[in-house]
Amino acid sequence: MSRSLWNPRTLRSRLLLVVLAAFVPSFITVALGAIQLRRHARDDAEGSALALARTVARQEQLQRGAVTRVIGALAHDSALIAAVSDPRRANACIGRLEGLVSRFAPFRSVAIRALDGSARCHIPAESSDAPDAALRASLATALRTSGFASTGYVFDTAADLAILHAAQPIVNARGEVVGVATLSMGADWIKRMIPDLHLDKSATLTILDTTGVVALRHPEGRAIEGRLLLPNSVLRKLVMHDGSAAQEGTGIDGTGRFYAYARLSRGFASPPQSVIVGIPQAVALAEANRQALRNLLVVLLLVPLALGSAYVLADRYVLRGIDQLADAAKRVERGEFGVPTGISQNEGELGELAHAFDQMTQSLDRRQREREGAANERRALEQQVQQAQRLDSLGRLAGGVAHDFNNLLTVITSYSDLLALTLTGEQRDEVEEIRRAARRAALLTRQLLSFSRRQEVERATVDLGGVVLDTDGMLRGLVSGAVVMELSAARRSAWVMGDVGQIEQVIVNLVVNARDAVGGKGRIGVNVRTLDATDARPAAAPSGALVVLEVQDDGQGMDDDTRARVFEPFFTTKPTGKGTGLGLSTVYGIVREMGGHIEVTSAPGAGAKFSVYLAAVPAGSPTTRTSLEFGAPATGWGVRILLVDDDDAVRIAAARTLRDAGYVVHEASGGAAALAQWDGLGGAVDMLVTDVVMPGMDGWALAGELRARRSGLPVLFCSGYTRDEGFVDRAGAAGMRLLEKPYATGALVEAVKTVLEEG
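Residues numbered from 1 in each chain as written. Predicted model: local features only at pLDDT ≥ 70, side-chain atom pairs only at ≥ 80, totals over all residues. Heavy atoms only, no water.

As for a nonpolar patch on the surface
- A cluster of nonpolar residues, Phe27, Leu293, Leu296, Leu297 and Leu300, forms a patch on the protein surface that exposes about 400 Å² of accessible area.
- Examining the composition of the nonpolar patch, we find that 4 residues originate from one element, helix H9 (residues 286-333), more than from any other.
- Locating Leu293 in the fold gives a position in helix H9.
- Of the residues examined, Leu293 reaches a relative accessible area of 48% and is grouped as partly exposed. (Patch = residues over 30% accessible without salt bridge, like charges linked within 9 Å, V, L, I, M, F, W, Y side chains within 5 Å. Areas by Shrake-Rupley, 256 points an atom, 1.4 Å probe, with all protein chains shown as cover. Salt bridge = Lys/Arg side-chain N within 4 Å of Asp/Glu carboxyl O. Helix = DSSP H or I, 4+ residues; strand = E, 2+ residues; numbered from the N terminus. Buried < 20%, exposed > 50% of the residue type's maximum accessible area, 1.4 Å probe, protein only.)

A short note on the pairing of strand E1 (residues 107-113)
- Most of E1 sits out of view: 5 of its 7 residues are buried.
- Strand direction decides the pairing type here: E1 and strand E5 (residues 177-186), joined by 6 bridges, are antiparallel. In the sheet register, Phe107 faces E5, and the bridge partner there is Met185.
- The sheet contact formed by E1 and strand E2 (residues 119-123) spans 4 bridges and is antiparallel. Directly across from Ile112, in E2, lies its bridge partner Cys121.
- Following E1, the chain reverses through 5 residues before pairing antiparallel with E2; Gly117 in that reversal takes a positive phi of roughly 95°. (Pairing = 2+ DSSP bridges.)

Some words on the sheet that holds strand E12 (residues 483-488)
- Here 5 strands make up an open sheet; going across it, the order is E12-E14-E15-E17-E16 and the pairing mixed. Edge positions in the sheet fall to E12 and strand E16 (597-602), since each has one partner strand and no second. Within this sheet the neighbouring strands show an average axis-to-axis angle of 15°, counted without direction.
- Inspection of the sheet shows E16 paired to strand E17 (residues 608-615) by 6 bridges, in the antiparallel sense. Along E17, the bridge assignment pairs Glu599 with Ser611. (Axes fitted to C-alpha atoms, helices over the stretch in contact; angles between N-to-C directions.)

Looking at the side chain of Ser184
- Mapped onto the fold, Ser184 is located in strand E5.
- Polar side-chain contacts of Ser184 include one of 2.8 Å to the side chain of His165.
- Contact partners of Ser184, with chain neighbours within four places excluded, come to Phe107, Arg108, Ser109, Ile163, Leu164 and His165. (Polar contact = N/O pair within 3.5 Å; in protein donor to acceptor, adjacent residues only side chain to side chain. Contact = heavy atoms within 4.5 Å.)

Focus on unusual backbone geometry
- Here the bond from Lys741 into Pro742 is cis, since omega is 0°, no more than 30 degrees from zero.
- Relative to the helices and strands, Pro742 resides in the loop between strand E22 (737-740) and helix H22 (745-758).
- In this structure, Arg492 is a non-glycine residue whose phi angle is positive, near 60°.

Some details on the nonpolar core
- In terms of nonpolar packing, the biggest core is built from 55 residues, with Leu97, Ile112, Tyr153, Leu205, Ile207 and Val275 touching the most fellow members.
- For this core, the element with the most residues is helix H1 (residues 11-75), which contributes 13 residues.
- By size, the runner-up hydrophobic cluster in this structure holds 40 residues, among which are Val500, Ile507, Val511 and Val587. (Core = buried A, V, L, I, M, F, W, Y, C linked by side-chain atoms within 4.5 Å.)

Structural notes on the pattern of salt bridges
- Per the stated rule, a full pass over the model turns up 19 salt bridges.
- Lys741 is the salt-bridge partner of Asp645, the closest N and O atoms lying 2.9 Å from each other. Residue Asp645 is found in the loop between strand E18 (640-644) and helix H18 (648-660), and its partner Lys741 is found in the loop between E22 and H22; the two are separated by 96 residues along the sequence. As far as the burial class goes, Asp645 and Lys741 line up, both buried.
- Notably, a salt bridge pairs Arg656 with Asp660, separated by 3.9 Å at the nearest N-O pair.

Some details on the packing of aromatic side chains
- Counted according to the given criterion, the structure contains 1 aromatic pair.
- For the pair Trp700 and Phe717, a centre-to-centre distance of 6.0 Å together with 25° between the ring planes defines the contact as stacked. With Trp700 in helix H20 (residues 699-709) and Phe717 in strand E21 (residues 715-719), this residue pair connects regions lying 17 residues apart in the sequence. (Phe/Tyr/Trp six-rings, centres within 6.5 Å; stacked < 30°, edge-to-face > 60°.)

As far as function goes, none of this settles anything; it's purely spatial.
Laid out in C-alpha cells, this is it:
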C-alpha cells in the first residue's frame, strides 16, 4: 500500500482530513468565545467609565451645594449688609468673610461688592478687587433676576484654571438691593480627588464648560484645557443625551476609548456642564484579548499534535492490518485457503473484520457439505410452499363444498319442515332427528367456511346462555359416553353482541379441545355467568358489565410454555395427523373480533379452564339467523315473488314453501331466465328472492339490473357461501338482506315477510 505523506485517495490522508475537520468546531468556539469575552469587557469598561463619571458628578453636586449655601449665608448676613453701606466697616467685613468661608478650601475668592461692582471687602486680600468678564456676567445676571446666578466652570487663562463664578444680590431690611455677594471656586478640587478614583494612567477625565470648551482635563490638562471639544463626533453624541450615556470611539489624541458622560448640576449653567470619563480600549480589552489568544494558541498547538498522533496511530492500528488483509486476500486468490491473517480479534472493528475473513477462508473447504444442506433446506421450503398451496386450495375447496352442501341441507331442512307439518307422535320425532343431523351438518359447514375465511358475519343481540343450551345435544354427540358433560346456563339472562354461528364455533372448539384433553374419560363443564362492573376481572377484559363463558376440564393440563403458545396458529401438542392447531386460534380470533378477551388457567395434572369475557348488552330479542326450527308458514299474502336459484331441488323446495304461505311464485334457474320471466310478466313482480352464486349472471348483478328497472324493488339473497367477505355490509347498505343456507321453511317465510315490511 502507498506510504506517501499526502494522497487524497489514501485512507491515511482521509483520516488526517477527518482530524482537521474535527478541529473546525474548536476554532469556531474559540472565535465565538473571543467575541463574547470582548463584549463582556466592553460592557464592563463602559459601566466602569459611567460609574466614575457619575461619581464625579455627584461630588461636584456637593461642591455646588456648598457654593449655594455659603453665598446665601453671605447675602443675608447683617454685618455684611452694613459693610456694603459703610466702607469704614471693611475690616469687620473681611473678618466676617473669613469666618464664614474658612471651612471651604476650594473657594478662590469671596467678595462683598457695591452695585457698581467695586469690592467693599474681599478675601484673599491679594486677590484683585476688580471683577473679570465672567464674574461681571454673574453680577449682571444676579442684579437683573434679583436672585442667585452662576457661570458654571469657565477656563481662566490668567489663572490657568477652570473657575466657577457665582453671585447673589444683598437685600437690606427694607427689601432694597444694596450690593452683591460674589464667590469664585476653582476646579482644582477635582484634580485632588482623581487618586481616589483609581483611574488608569491612560484614562482621561474631562470637564466641559457651558460652551463646550475643556475646563479641566486629566492627565493632559495643560495641553488642551481651554480648547473647544464639541466638534469631536464621539463627544457630540455623548452630550446630546439627557443625563448620562456611554459611547465607544476615538479621542482627539487618536486613542480608542470607551467614553462615559454625565451632566453636572443644573441651575448653575445653561446648558448644563458635563463630565466625561474615557477608559482606553487597549486596557479594557487587554485581558479578553490575552484569553482569546491563549485559547487560539492551545488549539493551534493541539492540531499538529493530533495530526501527528493520527498519522502514527493510523499506521499502527489501521493501515498495517489492512495490508495484512490485502496479503491474505491475495493468498486466497491463489487458492491458499485456511491461512489466517494474523490479526487478533481483540483489535476492534478491524479485528472483527479479520476474524470474519478467517472464518470465510476456513469455511471454503466445507462448502460442498453446505451445498448439500442447502439443497435439503430448499426441498423443505418447497414442501412448505406446497403445503401452503394445498391449504389455500383446501380453503377454496371448502368454500365450494360449503355452497353445494348448504344447498343439499336446505333441501333436507325444507322438506323435513314440510313433512313434520303432516306428522305426529313418533314419526315427527324421527323427522326431528333428521333435522338435528342437518343442524350438525350445518355447523360443520360453518366451520369449513370459517377455515376458508369465507363466512359472512351478521352481528346482533345474542342470548349466550340460550346458544349454549341449544347446542347441548350437538356437544354431547361430540364426546364419548365416558365423559361427563355439565352445562350451567340460563336463557334470557346473558346477552352479548355477536354472530350466532361464530359463538357456536367458539363453544364447539373449546369443548372439542377439552374432550381431547381428558382423553376419553373425565368431566367437562360449560358455564355462563355474568359479572357486574365492580366485580374483579382481568386487566385486558372489557370494562363495564361482562358475560363470561367458561369451559373447564379435569384433563392433563398444560405447562407454562404450552399455555403461552396455546392460541398460536398451527401449534398443537397432538401427534401428526391428529390435529391442525387451528381450533383455539380460531377461537382467539373470533373473541378478539367481538371485542372480548380470553385467558386460560392451567397447570400440569390440574386440568384447564378457558374463560371468555364479552361485554354485556341490554336484553333483546333472540337472533334468528338460519333458524332450523319447525314453523307454520303464514298465509294470505298474495304477493308475486320471482324466485331464482340454479339448484333445481333448492328452488323447488323454496317455491313450495312460499306457495304454501300464500305467495305467487315465478321460478327461474338463472339470471338470464329471470330477466326473461320479468319481461314476460311485464315487470309485475313484487319481490326478488335469488341465490347469490350462480353461473353466468350472479344474484348481485341480477338484483342490480332489476332495481335499475324498478327502483326500490325488495330483494332477499339466499346463499350458503357468497365468496365476498363484504357482501352482507354491501347488501345492507343497499337496503337488501341475506338469508344464509341452510334455512328452515319458517325462516324463509319470516325473512320474506321482513323484507317486504321494510321495503
